[in-house]
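Remarks on the overall topology
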Amino acid sequence: MPTIAQIRAARALLGWSQTDLADHAGLSQTGIARLENGTNSPNAATMEKINAAFDRADIEFLGDTGLRQRTGEVKTYRGQDGFRDFMDDVYETARDEGGEICLFNARPENWLNLLGQEWCLMHAERMVDIKDRYNFRTIAKQSDDALIGQRFIEYRWIPEGMFDERSFYCYGNKLAFLDFRENDIEIWVLDHQKFSEGFKTLFQISWDSVTTKAKIDPKKDIRNIKKDDEEE
């Protein structure tokens, strides 16, 4: 876990205020201030949240005094907070760059379970608002009919036996590998134009070979899924 000096240095490197760190770590600004000035001794849970926030920002702590910002073309996201950060990046790329978005081996319930229905609804609404900026296609498992992105995504199905818990997400110049686990996820994002373009070519071949188009059921829209759960 980082020392107090490393926390201050990491904030400085990122240009974060105490409020920024608090927001990223899910803590209060007052708590960060008391931690840094030595008023409070942080517990393990608090330090884990702070460490995770810096990890998502690609800060790596070295021993008890050093730190560095990871560089290169690969970025890693972990857990629910990381998944939400990743989906924020998908949205921002769609909004700012547009173009083709391809998702292969999707299982909608993984998104619902890890992101939460309220968060999925928020994301769906903002994607709908900018759907003129991009073309989004998804190949999902045939038995999945809860197509929560049906208002902004075109779906096709693959046979259930060809599916596993790993998904591939291509947006902009980025190619992401999503490894779903029980109540957890790890995501690796490769920012590389040629790999992204190569994947889109393979995705198009798969898309053309899949003859089963997903049938859109308005009852399975994320808005109605949420409504049904509230009525139960």
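Below you will find a few notes about this structure. What you see is a predicted model; the values in this text were computed from it and never measured.

Things to note about the overall build of the protein
- When helices and strands are tallied, the protein shows nine helices and nine strands.
- Within the span of the protein, comprising 232 residues, buried residues form 44% of the whole.
- Taking the contacts inside the protein whose residues are at least 6 apart along the sequence as the reference set, 67% of them involve residues at least 24 apart.
- Carbon together with sulfur atoms contributes 46% to the accessible area of the protein, which is approximately 12,200 Å² in total.

Some thoughts on the packing of aromatic side chains
- Scanning the entire structure with this criterion turns up 17 aromatic pairs.
- Between the NZ or CZ atom of K75 and the centre of the ring of Y77, over which it lies, the distance is 5.4 Å.
- Above the face of the W207 ring, R137 is positioned so that its terminal group lies 5.0 Å from the ring centre.

Notes on the environment of V90
- Its location among the elements puts V90 in helix α5 (residues 79–96).
- Along the primary structure V90 and M127 are separated by 37 residues, whereas in three dimensions their C-alpha atoms are 9.6 Å apart.
- Filtering out sequence-adjacent residues up to four positions away, V90 remains in contact with Y169 and Y171.

A closer look at the environment of G38
- Turning to its location among the elements, G38 is positioned in the loop between α3 (29–36) and α4 (44–56).
- Once the C-alpha coordinates of G38 and I4 are considered, the two residues, 34 residues apart in sequence, prove to be 8.5 Å apart.

Re empty space enclosed by the protein
- Counted under the stated rule, the structure contains one cavity of 30 Å³ or more.
- Empty space within the largest cavity amounts to approximately 230 Å³.
- W111, I148, G149, I153 and Y155 are, among the 20 residues lining the largest cavity, the residues nearest its centre.
- Those elements that place two or more of their residues in the lining of the largest cavity are β4 (99–106), α6 (108–115), α7 (117–129) and β5 (134–141).
- Here the lining of the largest cavity gets four residues from one element, more than from any other, and that element is α7.
- In terms of residue class, the lining of the largest cavity is made up of 16 nonpolar, three polar and one charged.

Focus on the pattern of salt bridges
- Following the criterion strictly, the structure yields 16 salt bridges and no others.
- A salt bridge links K75 to D58; the nearest nitrogen and oxygen atoms lie 3.1 Å apart. Remark: D58 occurs in the loop between α4 and β1 (59–62) and K75 occurs in strand β3 (residues 74–78); sequence separation between them is 17 residues.
- On the basis of relative accessibility, which here comes to 22%, the residue K75 falls in the partly exposed class.
- What makes D58 buried here is its relative accessible area of 14%.
- Measuring nitrogen to oxygen at the nearest pair gives 2.8 Å for the salt bridge that ties D88 to R126. You can see D88 sitting in helix α5 and its partner R126 sitting in helix α7, a full 38 residues away along the chain.
- For D88, a relative accessible area of 23% puts it in the partly exposed group.

Basis of the calculations
Residue positions are given per chain, counted from 1 along the sequence in the order it is written. Local features in a predicted model are, by the rule used here, given only for residues with pLDDT of at least 70; side-chain atom pairs are given and counted only at 80 or more, and totals for whole chains, interfaces and linings are based on all residues. Side-chain metrics rest on all non-hydrogen atoms present in the structure, leaving aside hydrogens and water. Numbering of helices and strands runs from the N terminus, with a helix taken as a DSSP run of H or I at least four residues long and a strand as a DSSP run of E at least two residues long. Remark: exposure states derive from per-residue accessible area (1.4 Å probe, protein chains only) relative to the maximum for the residue type, with buried under 20%, exposed over 50%, and partly exposed in between. Whether two residues are in contact is decided by their heavy atoms, any of which lying within 4.5 Å being enough. A 1.4 Å probe and the Shrake-Rupley method give the accessible areas. Residues count as covered only by the protein chains that appear here. Two rings from Phe, Tyr or Trp (for Trp, the six-membered ring) form a pair when their centres are within 6.5 Å of each other. A pair whose planes differ by under 30 degrees is stacked, one over 60 is edge-to-face, and the rest are tilted. A ring is scored as having a charge over it whenever the NZ atom of a lysine or the CZ atom of an arginine sits within 6 Å of its centre and within 35 degrees of its normal. Cavity: a set of points on a 1 Å grid over the protein atoms alone where a 1.4 Å probe fits but cannot get out. Pocket: an open set with protein on both sides within 12 Å along at least five of seven lines, its lining residues, like those of a cavity, having an atom within 4 Å of a point. Grid points are joined across faces, edges and corners, and a volume is the space filled by probe spheres set on the points. Three classes are used: nonpolar for Ala, Val, Leu, Ile, Met, Phe, Trp, Tyr, Cys and Pro, charged for Asp, Glu, Lys and Arg, and polar for all others, with Gly counted as polar. The salt bridge criterion pairs a side-chain nitrogen of Lys or Arg with a carboxyl oxygen of Asp or Glu, the two atoms within 4 Å.

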